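# Residue-level structural notes
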Amino acid sequence: MNPNVFDDPRITAVGLLFEVHAGLSARFAAQLDEHGLSAVEFEVLTRLSRSPGNQLRMTDLAAQTSLSTSGVTRVVDRMERDGLITRRACPSDRRSSYAVVTPAGLQRLDESLPGHLQLIEDWFTGQLDPAALNALLDGLRQVRDAVHPCATAGSSGATGATNSAVC
């Protein structure tokens, strides 16, 4: 094996991505735990809250979170028991249902967001000047759309690869 292969910028890029993700995830998990939320529960509440009517079809929620449909069902079951979300039948398709944020879920999100946003500012976006942040966001969207084209399934204004992908 060529020892210089590990100097390849592709290896460095992925390694840095993993290191940043691990560092941010650890900080986020500790902060969210203070509010009785797991990272997955926070993501579900955030994705639902950012969607029209604070709701998504269960299949779209699965596509957006990279969870399996059974994984989303388990998370939604748990969050429904905790009163954070509820299910609503889809009027046009009896086989489908919506996950909808409850007022209690919105309150829990509102309580956790200030600390979460501060962590993002302190450890991620605040580390970059505006031009670097915009370039990073553009690059991340481009890679996200390539590797996870259903990441915005069910959202209003979904464009690009999402529209042509089978989600």
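Nothing here was measured: the structure is a model prediction, and the numbers come from that model. (Residues numbered from 1 in each chain as written. Predicted model: local features only at pLDDT ≥ 70, side-chain atom pairs only at ≥ 80, totals over all residues. Heavy atoms only, no water.)

### Comments concerning the pairing of strand β3 (residues 97-101)
Buried residues dominate β3, accounting for 4 of its 5 residues. Of the pairings in the sheet, the one linking strand β1 (residues 55-57) to β3 comprises 3 bridges and is antiparallel in character. For Q55, the partnering residue across the bridge sits in β3 and is V100. Note that strand β2 (residues 85-89) and β3 share 5 bridges and pair antiparallel. Of the residues in β3, the one forming a bridge with T86 is V100. (Buried < 20%, exposed > 50% of the residue type's maximum accessible area, 1.4 Å probe, protein only. Helix = DSSP H or I, 4+ residues; strand = E, 2+ residues; numbered from the N terminus. Pairing = 2+ DSSP bridges.)

### Some points on the packing of aromatic side chains
Tallied over the entire structure, the rule returns 0 aromatic pairs. Against the face of W123 rests R27, its NZ or CZ located 3.8 Å from the ring centre. (Phe/Tyr/Trp six-rings, centres within 6.5 Å; stacked < 30°, edge-to-face > 60°. Lys NZ or Arg CZ within 6 Å of the ring centre and 35° of its normal.)

### Digging into the sheet that holds β3
Read across the open sheet, the 3 strands follow the order β1-β3-β2; overall the sheet is antiparallel. Bordering the open sheet on either side are β1 and β2, each of which pairs with just one other strand. Neighbour to neighbour, the strand axes of the sheet diverge by 25° on average, direction disregarded. Along the sheet, helix α4 (residues 69-81) contacts β2 and β3; its crossing angle with β2, the most-contacted strand, is approximately 115°. (Axes fitted to C-alpha atoms, helices over the stretch in contact; angles between N-to-C directions. Contact = heavy atoms within 4.5 Å.)

### Quick word on the domain arrangement of the protein chain
What the domain assignment reports for the protein chain is domain 1 (3-127) and domain 2 (130-167). The gap between the C-alpha centroids of domain 1 and domain 2 is 16 Å. Across the contact, 10 residues belong to domain 1 and 10 residues belong to domain 2. Summed over both sides, the interface of domain 1 with domain 2 buries roughly 760 Å², with 59% coming from carbon and sulfur. Between domain 1 and domain 2 we count 0 salt bridges in total. Where domain 1 touches domain 2, the interface holds 2 residue pairs in polar contact (both at pLDDT 80 or more). Of the residues forming the side of domain 1 that touches domain 2, the biggest block, 3 residues, is contributed by helix α3 (residues 58-65). (Domains from an automatic or database assignment. Buried area = accessible area lost by both parts, 1.4 Å probe. Salt bridge = Lys/Arg side-chain N within 4 Å of Asp/Glu carboxyl O. Polar contact = N/O pair within 3.5 Å; in protein donor to acceptor, adjacent residues only side chain to side chain.)

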